[in-house]
Amino acid sequence: MKFMDVQAAGGTLKLAKIARGADYFGVRIPEERAFSLMDRYLELGGNVIDTARIYGRAEARDASYSNSEPIVGRWLKSRGTRDRVVLITKGAHHVMEDPSQKRVNRACIDSDLETSLRELGVDSVDIYFLHRDDPEKPVSEIMDALDRHVKAGRIRALGASNWTCARIAEANAYARANGKTPFTVSQIQWGVAYVKPGAWPDPTLVSMTPEEYADYLALGIPVMAFSPQAGGYFSKMISGEPLQPKFAERYDGPENRRRLAALLEICARTGASPAAVLLGYITSNRLPGSAVIGCSTLEQLEDSMSACDLTLSEADIAALEQ
């Protein structure tokens, strides 16, 4: 298994470059299967469980309720695995039904973190991400609110999810000038697939672009990539299965048809599966990255984890970007 470093209060966190996402635990993935998936993930060498306050939200419950965190918490307790896991959660997501209702403020951060710790059954998390940004909010207010929890021992490292590099750089400049804790990891959508502009239904999601990529290299913090396998776009194209309309709208076009051809050539030459190559693009990249996977079956998990030691060449990565 490849690992990447994330700087934290009191030391360095070693994150497996393939992280187990917990988005659909309790909704599409029932609890018993979620336990089996996390068990097998650890057996295969992984050590990162990535959840969030809003993950697995049951529509029948109130808007603050999450299925995912309690399931992860019960698994940690029943298996005694807390010391083997880099535990990640996220908060301060906007109101789900209305992205204009931002929640990136001290009161929401405090409330979300308190609820997450209680649901997870822990006193602290290793990395706490702000799930969204509010560009109208001064970075000083945001970083001051987060720093209190780091200094109180509730958070070891801070992450920014769906923030632009420019905002992260601004926040970190403030933090370093004022003795506060900076962001040391980011999480955005990143993968082989080209995403058509405006194709995400949520306009607050941030995808990797050539410009953002260059900024990350300058910024010097690692990136956790969500949707690195493009929702199964490439696998469905290979198998001839029909694409769901949302994935066709988001991904299908000449750019990804070219990348599909490059993907197939690399698979044929290396013997690796398409899933392994797609994840290897992240784990072999010169920008330090880990890929967050959300597969729902053990078979899919084992296929994805077969990428944990795969190293693609610079030429392979360049071919996948044409």
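Here the structure is shown first, and the text comes after it.
Residues numbered from 1 in each chain as written. Predicted model: local features only at pLDDT ≥ 70, side-chain atom pairs only at ≥ 80, totals over all residues. Heavy atoms only, no water.

Asks: Go over the overall build of the protein chain, please, and point to the residues and values.
Replies: When helices and strands are counted, the protein chain shows 12 helices and 10 strands. For 322 residues, the compact-globule estimate of 2.2 N^0.38 gives 20 Å, and the C-alpha radius of gyration of the protein chain, at 19 Å, lies within 12% of that figure. Across its three principal axes, the protein chain shows a C-alpha extent of roughly 50 × 40 × 40 Å. Across the 322 residues that make up the protein chain, the buried fraction comes to 55%. Considering only contacts in the protein chain between residues 6 or more positions apart, those separated by 24 or more positions represent 75%. Total accessible area on the protein chain stands at roughly 13,600 Å², and carbon and sulfur atoms take up 51% of it. A distance of 2 Å separates the average location of the 38 positive side-chain charges in the protein chain from that of its 42 negative side-chain charges. (Helix = DSSP H or I, 4+ residues; strand = E, 2+ residues; numbered from the N terminus. Rg over C-alpha atoms; globule rule 2.2 N^0.38 Å. Buried < 20%, exposed > 50% of the residue type's maximum accessible area, 1.4 Å probe, protein only. Contact = heavy atoms within 4.5 Å. Areas by Shrake-Rupley, 256 points an atom, 1.4 Å probe, with all protein chains shown as cover. Lys, Arg positive; Asp, Glu negative; His and termini not counted. Charge placed at Lys NZ, Arg CZ, Asp CG, Glu CD.)

Asks: Describe the environment of Asp316, naming the residues involved and giving the relevant values.
Replies: If you trace the backbone, Asp316 turns up in helix α12 (residues 314-320). By relative accessible area, which is 8% here, Asp316 ends up buried. Residues Asp316 and Gly280, spaced 36 residues apart in sequence, show a C-alpha to C-alpha distance of 10.0 Å. For Asp316, the side chain forms a polar contact with the side chain of Arg269, separated by 2.7 Å. (Polar contact = N/O pair within 3.5 Å; in protein donor to acceptor, adjacent residues only side chain to side chain.)

Asks: Break down unusual backbone geometry for me, citing the residues and quoting the values.
Replies: A negative phi holds for most residues other than glycine; trans holds for most peptide bonds. The phi dihedral of Ala92 falls on the positive side, at around 65°, and the residue is not glycine. Within the secondary structure layout, Ala92 lies in the loop between β5 (86-91) and α3 (106-120). A positive phi is found at Ser227, a non-glycine position, where the angle reads about 55°. Inspection of the secondary structure assignment puts Ser227 in the loop between β9 (223-226) and α7 (233-239). Its relative accessible area of 28% is what places Ser227 among the partly exposed residues.

Asks: Tell me about the side chain of Asp147, and name the residues and values.
Replies: Of note, Asp147 is situated in helix α4 (residues 139-151). At 2.8 Å, the side chain of Asp147 forms a polar contact with the side chain of Thr181.

Asks: Talk me through the sheet that holds strand β3 (residues 18-21); I want residue IDs and the actual numbers.
Replies: If you walk around this closed barrel you meet the 8 strands as β3-β4-β5-β6-β7-β8-β9-β10, and the pairing is parallel. Geometrically, the sheet is characterised by an average inter-axis angle of 30° between neighbouring strands, direction not taken into account. As defined by bridge partners, strand β8 (residues 183-189) adjoins β9 across 4 bridges and the pair is classed as parallel. Bridge pairing in β9 places Ser186 opposite Val223. Its contacts with the sheet put helix α10 (residues 274-283) on β3, β9 and β10 (289-293), and the angle it makes with β10 is roughly 145°. (Pairing = 2+ DSSP bridges. Axes fitted to C-alpha atoms, helices over the stretch in contact; angles between N-to-C directions.)

Asks: So what about the pattern of salt bridges? Which residues, and what values?
Replies: Scanning all chains against the criterion turns up 22 salt bridges. Across the pair Asp5 and Lys14 runs a salt bridge whose closest N-O atoms are separated by 2.7 Å. When salt bridges that share partners are traced, they join Arg40, Glu43 and Glu302 into one network. (Salt bridge = Lys/Arg side-chain N within 4 Å of Asp/Glu carboxyl O.)

Asks: Before we move on, can you summarise the packing of α3 against α4 with the specific residues and values?
Replies: A pair of packed helices is characterised by two quantities: the angle between their axes and the separation of those axes. Running from N to C, α3 and α4 cross one another at 30°; their axes reach a closest spacing of 9 Å. Considered as vectors, α3 and α4 are oriented roughly parallel to each other. Crossing of α3 against α4: the hand is right-handed. Residues Arg106, Ile109, Asp110 and Leu113 of α3 pack against Ala145, Leu146, Arg148 and His149 of α4. Considered class by class, the residues forming the contact of α3 with α4 number 4 nonpolar, 1 polar and 3 charged. (Parallel < 35°, antiparallel > 145°, perpendicular 65-115°, else oblique. Left-handed = near helix turned anticlockwise from the far one by under 90°. Nonpolar A, V, L, I, M, F, W, Y, C, P; charged D, E, K, R; others polar.)

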